[in-house]
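# Descriptive structure summary
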Amino acid sequence: MKNIVGLEWLYDHLQDPDLIIADCRFVLGEPWSGRQSYGTDHIPGAFYMDLEDDMSAEKREHGGRHPLPDLGTFSMRVSAIGVDASKTVVAYDDQGGAMASRLWWMLRFLGHERVYVLDGGYARWKAAGYPVSAVMPEAHAAVFSPKVQRHMLASMDEVKAKLNTPQTILIDSRDGGRYRGEQETIDPVAGHIPGARNRFWKDGLDAEGSWRSPEEQRERFSGLEDAEELIVYCGSGVTACPNVIALSEAGFRNVKMYAGSWSDWVSYPENPVATGEE
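Quick summary incoming for the structure in this document. Bear in mind that the values here come from a model prediction, so they are computed numbers and not experimental data.

Before going further, it helps to examine the packing of helix α4 (residues 98-109) against helix α9 (residues 240-249). Axis separation between α4 and α9 bottoms out at 7 Å; the angle between their running directions is 70°. On the basis of their axis angle, the class for α4 and α9 is roughly perpendicular. With respect to the hand of their crossing, α4 and α9 are arranged in left-handed fashion. Of the residues in α9, those in contact with A98, S101, R102, W104 and W105 of α4 are C241, P242, V244 and I245. Of the residues assigned to the contact of α4 with α9, the class counts are 7 nonpolar, 1 polar and 1 charged.

Moving on: the sheet that holds strand β6 (residues 153-154). Pairing within the open sheet is parallel, and its 5 strands lie in the order β6-β10-β9-β7-β8. This sheet does not close on itself; its edge strands, each paired only once, are β6 and β8 (197-198). Where strand β7 (residues 168-172) and β8 come together, 2 bridges link them in parallel fashion. Paired with I171 across the strands is R197, a residue of β8. Sitting on the sheet, α9 touches β7, β9 (229-233) and β10 (255-258), and the angle it makes with β9 is about 150°.

So, on to the side chain of S210. Summarising the element assignment, S210 is placed in the loop between β8 and α8 (214-220). Beyond its immediate stretch of four places on either side in the chain, S210 contacts D119, R124, G204 and L205.

Bringing the pairing of β10 into the picture now. Neither face of β10 is exposed, since V255 and M257 on one face and K256 and Y258 on the opposite face are all buried. Looking at chain direction, β6 and β10 are connected through 2 bridges and run parallel. If you follow L153 over to β10, its bridge partner there is M257. In terms of strand pairing, β9 meets β10 through 3 bridges, oriented parallel. Bridge pairing in β10 links I231 to K256. With α9 bridging β9 and the parallel β10, this β-α-β connection has right-handed handedness.

Thresholds, definitions, all that
Residues numbered from 1 in each chain as written. Predicted model: local features only at pLDDT ≥ 70, side-chain atom pairs only at ≥ 80, totals over all residues. Heavy atoms only, no water. Axes fitted to C-alpha atoms, helices over the stretch in contact; angles between N-to-C directions. Helix = DSSP H or I, 4+ residues; strand = E, 2+ residues; numbered from the N terminus. Parallel < 35°, antiparallel > 145°, perpendicular 65-115°, else oblique. Left-handed = near helix turned anticlockwise from the far one by under 90°. Contact = heavy atoms within 4.5 Å. Nonpolar A, V, L, I, M, F, W, Y, C, P; charged D, E, K, R; others polar. Pairing = 2+ DSSP bridges. Buried < 20%, exposed > 50% of the residue type's maximum accessible area, 1.4 Å probe, protein only. Right-handed = clockwise from strand over helix to strand, strands pointing away.

Structure (structure tokens):
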């Protein structure tokens, strides 16, 4: 797989001087818990990257619940833990790869290609008997030079302009109940962006929580091959990221993410909303 590494690979490379490991554990509604868990134990040498403190800006009227951070500030943050063009970054979490995938997407968006997500996450690492540590690693600051890949990002205005155009397909990464508008426990409006197709992000994982093969991912996204462009969204631009990875594994290259996602879309009262299946 192009974007996923296994436990054995990471263990074999733990001492590599050009490896940076990022612990991205985070629980929505319990913003302290990920950092607390990291302080208890983590993969040796891993630095903590917080979804809200490091990978998001403060919530405003628009932009969604997890707006993209200031790119200069984010670049300084990853520089501080040693990321530069020569480094390989491996991110992990305990949320099926959702938070780690957000870091993967952000680094790829800023032009860093040597970034991967750990298959199975921290719980699998620990259960397999690989080493853990409570020691905070010493950081050796580097210079991360961002090269923004604008083609990876879709704005709200762009999404709105492309509604119901056959060459662009929207993919909603939330679970089916939220997509259909049967329930909504997080955002103020239930439903989905009109025309979007539902591909729940967790279906990219198997029953054991491992990433499905590229062939299985292609099957998940069958029927989308003729689209000129795919725009992926979720609730706030986090769980869309594992679907972006899954699409990459399946061989799709025409993929953008609507970072503000549903929480941004419904912050504009005039935006249309659909419910039910499409």
